[in-house]
Amino acid sequence: MGVRVKVRIEVGDRAVEVPALVNSGFESEEPDIALPVEVAVGLGLWPPTDFRLEEVDTAGGEALVYASPRPGRLRLLLGTDYEPEIACNILVNPHIDEVLLSDYVIDELGIVVLSFRRGLWRHVRDPEGTVRQSAT
């Protein structure tokens, strides 16, 4: 099943709210998120104009992705008074079909996975015993 969380991604004056896969295998030294083309279109980032083409290692092997020179803002939508928000780097990957959060971003947003298989998670600021279901 995997763990998916609801996020708001902003680039300039455009924004989208989408579920994003919490992907511990997406290892990064920076706050990277990967977007499918469909989401990049909604943010005005596709087709690419001044992107950097980068080769990255993925579970499926090496892939070329488009690194946006424009940083984004990423907010974890918790439905509470506190919703963490961070600046993020945006990678557009034509080979994926959902937003992926890197391990760096997962930690920065305070996401704690309880069960990947059952899609259960909590936020570090949630009261003890809180269990959240994956976003759909």
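Starting afresh in each chain, residues are numbered from 1 along the sequence in its written order. Given that this is a predicted model, residues contribute local features only at a pLDDT of at least 70 and side-chain atom pairs are listed and counted only at 80 or more, while totals for whole chains, interfaces and linings are drawn from all residues. Processing note: side-chain calculations cover all non-hydrogen atoms of the structure and skip hydrogens and water entirely.

1. Description of the packing of aromatic side chains
As a reminder of what qualifies: Working definition: rings of Phe, Tyr and Trp (its six-membered ring) pair if their centres are within 6.5 Å, and the pair is stacked with planes under 30 degrees apart, edge-to-face with planes over 60 apart, and tilted otherwise. The numbering of helices and of strands both runs from the N terminus, where a helix is a DSSP run of H or I of at least 4 residues and a strand a run of E of at least 2. Under the scheme applied here, a residue whose accessible area is under 20% of the maximum for its type counts as buried, over 50% as exposed, and between as partly exposed, the area being computed with a 1.4 Å probe on protein chains only.
Within this structure, the stated rule accounts for two aromatic pairs. Seen in terms of ring centroids, tryptophan 46 and tyrosine 66 are 5.1 Å apart; in terms of plane orientation they differ by 85°. Their pairing is edge-to-face. Here tyrosine 66 lies in strand E5 (residues 61–67) and tryptophan 46 lies in the loop between helix H1 (37–42) and strand E4 (52–58), a separation of 20 residues in the sequence. Seen in terms of ring centroids, phenylalanine 51 and tyrosine 66 are 6.4 Å apart; in terms of plane orientation they differ by 80°. Their pairing is edge-to-face. A residue pair is termed long-range when its members are at least 10 positions apart, and phenylalanine 51 in the loop between H1 and E4 and tyrosine 66 in strand E5 qualify at 15 residues. Residue classification places phenylalanine 51 among the buried residues on the basis of a relative accessible area of 16%. The exposure class assigned to tyrosine 66 is partly exposed, which follows from its relative accessible area of 25%. Feature note: the residues Trp46, Phe51 and Tyr66 constitute an aromatic cluster, connected by ring pairs.

2. Some words on the sheet that holds strand E10 (residues 120–123)
This is how it is decided: Whether two strands pair comes down to DSSP finding at least two bridges between them.
What the three strands build is an open sheet, ordered E9-E10-E11; its pairing is antiparallel. Since the sheet does not close on itself, it has two edges, and those belong to strand E9 (111–115) and strand E11 (132–133), each with one partner. Here four bridges tie E9 to E10, and the two strands are oriented antiparallel to one another. The residue of E10 that forms the bridge with valine 112 is arginine 122.

By themselves, these are just geometric observations and shouldn't be taken as functional.
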